[in-house]
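In case you want the letters, here they are:
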There are 2 protein chains.
Amino acid sequence: MVIEIDFNSDEALYVQLRNQIVIGIATRSFHEGEALPSVRQLADTIGINMHTVNKAYTVLKQEGFVKVDRRKGAIIAVDIDRLRALEEIKKELQVVLAKGSCTDISKEEVHALIDEIYEDYGGLE
Amino acid sequence: MVIEIDFNSDEALYVQLRNQIVIGIATRSFHEGEALPSVRQLADTIGINMHTVNKAYTVLKQEGFVKVDRRKGAIIAVDIDRLRALEEIKKELQVVLAKGSCTDISKEEVHALIDEIYEDYGGLE
DNA sequence: TCTTCTGTTATATAAAATATAACACAACTA
DNA sequence: TAGTTGTGTTATATTTTATATAACAGAAGA
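Bear in mind that the values here come from a model prediction, so they are computed numbers and not experimental data. (Residues numbered from 1 in each chain as written. Chains lettered and ligands numbered in written order. Predicted model: local features only at pLDDT ≥ 70, side-chain atom pairs only at ≥ 80, totals over all residues. Heavy atoms only, no water.)

Engineer: Is there a simple way to think about the protein's contact with DNA strand D in this case?
Structural biologist: In the region of DNA strand D, 24 residues are neighbours, and Leu13, Tyr14, Asn49 and Lys55 of chain A together with Arg40 of chain B sit closest. Each atom of DNA strand D within 4 Å of the protein belongs either to a base or to sugar and phosphate, the latter forming 66%. Interatomic distance of 2.7 Å between a backbone N/O atom of leucine 13 of chain A and a phosphate oxygen of DNA strand D. Every element with two or more residues in the surface near DNA strand D is listed here: helix H1 (13-26) and helix H3 (50-63) of chain A together with helix H2 (39-46), helix H3 (50-63), strand S1 (66-69) and strand S2 (73-76) of chain B. For the surface near DNA strand D, the residue count by class is 8 nonpolar, 8 polar and 8 charged. (Near = heavy atom within 4 Å. Polar contact = N/O pair within 3.5 Å; in protein donor to acceptor, adjacent residues only side chain to side chain. Helix = DSSP H or I, 4+ residues; strand = E, 2+ residues; numbered from the N terminus. Nonpolar A, V, L, I, M, F, W, Y, C, P; charged D, E, K, R; others polar.)

Written out as structure tokens, the structure reads:
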């Protein structure tokens with residue numbers, strides 16, 4: 001998977017990294033049990049500090065996307081409470097859709113976007 | 001409109017405030033041309049610093065949700081490029097839905113959430 | 001045993017969020 | 001018209017967060 005970081009973005013580097021990896025799991029670029037690159041390797045590839053990658057991995061661990069093993073590194077292991085995730089997602093959607101609604105983006109347009117995105121994510125269904 | 005701030009959240013105060021106001025516009029708690037409370041008044045009501053409210057208003061101005069008048073304060077005036085908004089929303093949805101997909105939340109469940117949220121936002125349609 | 005790979009920890013620096021205080025301008029009021 | 005009060009603005013300081021540098025500790029493999 002190609003991880004792309006935008007250095008001009010106002011989003012923190014470790015947040016961008018976290019997002020890309022979560023998308024990577026959703027698009028099956030990363031599979032359950034697979035190891036992510038080591039913090040040094042990834043930091044080197046991207047051209048950022050090792051500790052920034054480490055922070056992204058720590059967040060992913062806290063959120064339940066990976067398990068970190070001192071020997072093997074960060075292993076994909078999704079363990080998230082469904083109901084809680086559903087609640088969080090609803091809150092996040094409320095914010096995103098509010099902006100959409102203000103801009104006269106219709107419900108149907110949003111549905112279309114969802115379908116578009118799920119073509120990449122939910123390929124097995 | 002009741003603006004609720006979570007002081008335990010890891011989200012910056014001004015971001016929470018910005019989100020609540022955008023949701024307020026979407027739910028028609030605030031209407032085009034209406035003035036938001038003054039920075040001091042709102043800061044006092046919520047119990048945060050005036051400058052934090054000011055930052056939220058500045059962000060809303062940059063994003064095209066309000067116009068700030070030195071005399072009258074912040075006035076709701078939505079002026080956002082639709083195509084650009086659509087792009088941004090898609091990017092944001094990708095991140096939110098990736099998490100959902102990892103948690104086995106189906107496309108149909110997301111559609112249902114969208115409909116639920118749009119009941120509050122798109123009441124005129 | 002030595003080298004090399006992992007993540008971790010400690011510390012320092014840079015950037016961003018929040019707070020305090022003084023300012024400038026306009027509107028209202030007496 | 002002078003004074004008071006309401007706006008947002010600006011300057012500055014403080015606190016918190018993000019990022020960077022360097023040394024560490026444990027495990028794997030030659």
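Now that the structure is up, let's keep going.
Engineer: What is the right way to look at the interface of chain A and chain B in this model?
Structural biologist: A common way to express how large an interface is: the accessible area buried when the components associate. Each partner contributes to the interface: chain A provides 42 residues, whereas chain B provides 42 residues. In total, chain A and chain B occlude about 4,500 Å² of area from one another, counting both sides; carbon and sulfur atoms represent 71% of this. Taken together, the connections running from chain A to chain B amount to 10 salt bridges. Considering every element that reaches the side of chain A that touches chain B, the biggest residue donor is helix H4 (residues 82-102) of chain A, with 17 residues. Class assignment for the residues of the side of chain A that touches chain B results in 23 nonpolar, 7 polar and 12 charged. (Contact = heavy atoms within 4.5 Å. Buried area = accessible area lost by both parts, 1.4 Å probe. Salt bridge = Lys/Arg side-chain N within 4 Å of Asp/Glu carboxyl O.)

Engineer: Just to check I follow, could you spell out the protein's contact with DNA strand C for this structure?
Structural biologist: In the vicinity of DNA strand C, 24 residues are found, and the nearest of them are Arg40 and Arg70 of chain A together with Leu13, Asn49 and Lys55 of chain B. If you look at DNA strand C and keep only atoms within 4 Å of the protein, 64% of those are sugar or phosphate atoms. Contact distances for DNA strand C include 3.2 Å between a phosphate oxygen and a backbone N or O atom of valine 39 of chain A. Those elements giving two or more residues to the surface near DNA strand C turn out to be helix H2 (39-46), H3, strand S1 (66-69) and strand S2 (73-76) of chain A together with helix H1 (13-26) and H3 of chain B. For the surface near DNA strand C, the residue count by class is 8 nonpolar, 8 polar and 8 charged.

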